[in-house]
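# Topology and contacts: notes
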Amino acid sequence: MIIRLHEGVEQDIASASDFYEEQGAGLGNYFLDSIFADIESLHLYAGIHSKHFGYHRLLAKRFPFAIYYRTDPDLVLVYAILDCRQNPAFIRHRLT
C-alpha cells in the first residue's frame with residue numbers, strides 16, 4: 001500500500017514541529033519521529049479508524065494531533081494533520 005501526503009500536510013507537520021521545538025530543544029524532532037511512525041502504521045491499519053467529517057481519523061499516539069486520511073484499494077491519501085485542541089468548526093472548514 002502506498003501512502004501519499006496531500007498538499008498542505010507538509011506545512012501542517014512543519015508548523016507543529018516548529019511549535020514543539022520552541023517549547024523545548026529536541027521536542028520538535030521527537031514530534032516528527034512520532035507523527036511519521038503514526039503515518040507508517042497506516043500500512044497495516046488503514047481504514048479501521050472511525051470517520052469524522054468524511055475522513056478516517058487516526059489519533060496520534062504521543063501528541064494531541066489527528067491524521068485525517070482516505071483510502072483506495074492500493075493508496076492511502078493523508079489530507080491533513082491537525083491539532084485536536086482546535087475549534088471543531090475550524091477542523092471541519094480545513095477538511096472541506
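Relevant structure appears above.
First, a word on scope: everything that follows refers to the structure included in this document. (Residues numbered from 1 in each chain as written. Predicted model: local features only at pLDDT ≥ 70, side-chain atom pairs only at ≥ 80, totals over all residues. Heavy atoms only, no water.)

### Points about the environment of H93
- Along the polypeptide, H93 turns up in helix α4 (residues 88-95).
- Separated by 85 residues in sequence, H93 and G8 have C-alpha atoms that sit 14 Å apart. (Helix = DSSP H or I, 4+ residues; strand = E, 2+ residues; numbered from the N terminus.)

### A short note on the nonpolar core
- Judged by nonpolar contacts, the single largest core of 17 residues is most densely connected at I13, F31, I35, F65, I67, V78 and I81.
- Among the elements of the structure, α1 (9-23), α2 (27-40), β4 (65-72) and β5 (75-83) are those that each provide at least two residues to this core.
- Looking at this core, the element that brings in the most residues is α1, giving 4 residues.
- Not counting chain neighbours up to four residues away, the residues in contact with I13 comprise F31, L32, I35, F36, I39 and I81.
- In this structure, A66, L77, L82 and L95 belong to the second largest nonpolar core, which totals 9 residues. (Core = buried A, V, L, I, M, F, W, Y, C linked by side-chain atoms within 4.5 Å. Buried < 20%, exposed > 50% of the residue type's maximum accessible area, 1.4 Å probe, protein only. Contact = heavy atoms within 4.5 Å.)

### Here's the deal with the sheet that holds strand β2 (residues 51-52)
- Strand order in this open sheet of 5 strands is β1-β5-β4-β3-β2, and the pairing throughout is mixed. What marks the edges here is a single partner per strand, and that holds for β1 (2-5) and β2.
- In terms of strand pairing, β2 meets strand β3 (residues 55-59) through 2 bridges, oriented antiparallel. Paired with K51 across the strands is H56, a residue of β3.
- The sheet contacts of α2 involve β1, β3, β4 and β5, and relative to β4 the element is tilted by about 30°. (Pairing = 2+ DSSP bridges. Axes fitted to C-alpha atoms, helices over the stretch in contact; angles between N-to-C directions.)

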